[in-house]
Amino acid sequence: QEKLRHALEHVFRTGETASYEHIDREEQWHATRVSPIYKDGVIVSATVIGTNISAYKKLEAERARLLAEERKQRELAEALRDAGMAFSSTLDLDTILHTLLEQIARVVPYDAANVMVVEGNVARIAQARGYDRYGDSVAAEVEGLTFDISETTNLRTMTETRRPLIIPDTASYPHWVHVRPKNTVRSWAGAPIIVQGEVVAFFSLAKADADFYHPSD
């Protein structure tokens, strides 16, 4: 009603048509157009035409979501590509990986993350970020941790498929490998870094909230 009152005041004051959108108590969107009615050159009344635009708003929101998803996927793909280039360069690898973890945080939020370098059948954490929230001793332990790829289901799966992997809730994932501090990772996302067709490393992202990551992310 407040928007309608302002629109009517605008119409009678300026003689110009006014338009506005609003959402009602049933969460339906409406577009309203208020136009002047003249008689002998004087505004004597106004027409108020309302249209339900809820379907349009849903399409608009879905389009925005898809564009945001496309941008996120593109940025993540660029980060993975940059990581692959880093492994092929002569630059300081630790510095580059640390920067990449920071970049990925802007695309996919995480509480803690690491990059595991593949050395034969072993994946070794070479760079980590965010683990200091669990204490300095935990952060120190994480750096240098190793995992047997053939015995670690999520790493083995990414190696075989060459594709990212999402575990929405680690509590429901029977093959999850717990590391200290236990039960602090409830949702996990990983992606392989591939150079010349070979998996040379993995990104590992963790959130304390279950179902934070989903296959559509």
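On a predicted model such as this, the values are computed, not experimentally measured, just so you know.

## Examining the overall build of the chain
- Scanning the chain from N- to C-terminus turns up 5 helices and 9 strands.
- Taken from N to C terminus, the helices and strands of the chain fall in the order α-β-β-β-α-α-β-β-α-β-α-β-β-β.
- Counting over 217 residues, the chain shows a buried share of 35%.

## Let's talk about the pattern of salt bridges
- Summed over all chains, the structure comprises 7 salt bridges.
- Measuring nitrogen to oxygen at the nearest pair gives 2.9 Å for the salt bridge that ties Arg186 to Asp169. Pair noted here: Arg186 is in the loop between strand E7 (165-167) and strand E8 (187-195) and Asp169 is in the loop between E7 and E8, with a separation of 17 residues, a long-range link.
- One continuous salt-bridge network, built from bridges that share partners, spans Glu2, Arg5 and Glu9.

## Notes on the sheet that holds strand E6 (residues 146-148)
- Pairing is antiparallel across the open sheet formed by 6 strands, whose spatial order is E6-E5-E4-E9-E8-E7. Sheet topology places E6 and E7 at the edges, where each strand pairs with a single neighbour. Geometrically, the sheet is characterised by an average inter-axis angle of 25° between neighbouring strands, direction not taken into account.
- In the packing of helix H3 (residues 93-107) onto the sheet, contacts are made with strand E4 (112-119), strand E5 (122-129) and strand E9 (198-207), and the angle to E5 comes to roughly 70°.

## Observations regarding the pairing of strand E3 (residues 42-52)
- In this sheet, E3 lies alongside strand E2 (residues 29-39) in antiparallel orientation, the contact comprising 10 bridges. Bridge assignment links Ser35 to a residue of E3, and that residue is Thr47.

## Description of the packing of aromatic side chains
- For the coordinates displayed, the defined rule picks out 2 aromatic pairs.
- Between Lys207 and the ring centre of Phe212, over which it is positioned, the NZ or CZ distance is 4.5 Å.

## A few points about H3
- In this model, H3 (15 residues) spans 21 Å end to end at C-alpha, consistent with the 21 Å of a helix rising 1.5 Å per residue.
- Of all the positions in H3, only Ile96, Leu97, Leu100, Leu101, Ile104 and Val107 are classed as buried. Buried residues of H3 fall within an arc of 140° about the axis and therefore sit on the same side.

## With respect to the environment of Glu27
- Relative to the elements of secondary structure, Glu27 occurs in the loop between strand E1 (18-23) and E2.
- By relative accessible area, Glu27 is classed as exposed at 62%.
- The sequence separation of Glu27 and Ser54 amounts to 27 residues, and the corresponding C-alpha distance is 8.4 Å.

## Remarks on the nonpolar core
- Grouped together as the largest cluster of nonpolar side chains are 21 residues, with contacts concentrated most on Met116, Leu155, Trp188 and Phe202.
- Only E4, E5, helix H4 (136-142), helix H5 (153-161), E7 and E9 provide two or more residues apiece to this core.
- With residues near it in sequence (within four places) discarded, Trp188 still touches Asn154, Met158, Leu165, Ile166, Ile167, Thr170, Trp176, Ser204, Leu205 and Tyr213.
- Residues Leu97, Val107, Ile193 and Ala201 belong to the second largest nonpolar core, which totals 18 residues.

## Notes on the sheet that holds E3
- Overall, antiparallel pairing links the 3 strands, which are arranged E1-E2-E3 in an open sheet. The open sheet terminates on both sides in strands that have one partner only, identified here as E1 and E3. Strand-to-strand, the axes of this sheet are offset by a mean angle of 25°, without reference to chain direction.

## What to know about the pairing of E8
- Most of E8 is tucked away: 8 of the 9 residues are buried.
- When E7 meets E8, the two strands line up antiparallel, connected through 3 bridges. If you follow Leu165 over to E8, its bridge partner there is Gly190.
- Where E8 meets E9, 9 bridges bridge the pair, whose relative direction is antiparallel. Among the inter-strand pairings, Trp188 is bridged to a residue of E9, identified as Ala206.
- Turn length for the E8-E9 hairpin, with the two strands adjacent in sequence and antiparallel, is 2 residues, and the turn residue Gln196 shows positive phi of about 50°.

Scoring rules and cut-offs
Residues numbered from 1 in each chain as written. Predicted model: local features only at pLDDT ≥ 70, side-chain atom pairs only at ≥ 80, totals over all residues. Heavy atoms only, no water. Helix = DSSP H or I, 4+ residues; strand = E, 2+ residues; numbered from the N terminus. Buried < 20%, exposed > 50% of the residue type's maximum accessible area, 1.4 Å probe, protein only. Salt bridge = Lys/Arg side-chain N within 4 Å of Asp/Glu carboxyl O. Pairing = 2+ DSSP bridges. Axes fitted to C-alpha atoms, helices over the stretch in contact; angles between N-to-C directions. Contact = heavy atoms within 4.5 Å. Phe/Tyr/Trp six-rings, centres within 6.5 Å; stacked < 30°, edge-to-face > 60°. Lys NZ or Arg CZ within 6 Å of the ring centre and 35° of its normal. Expected span 1.5 Å × (residues − 1). Arc of directions from axis to C-beta. Core = buried A, V, L, I, M, F, W, Y, C linked by side-chain atoms within 4.5 Å.

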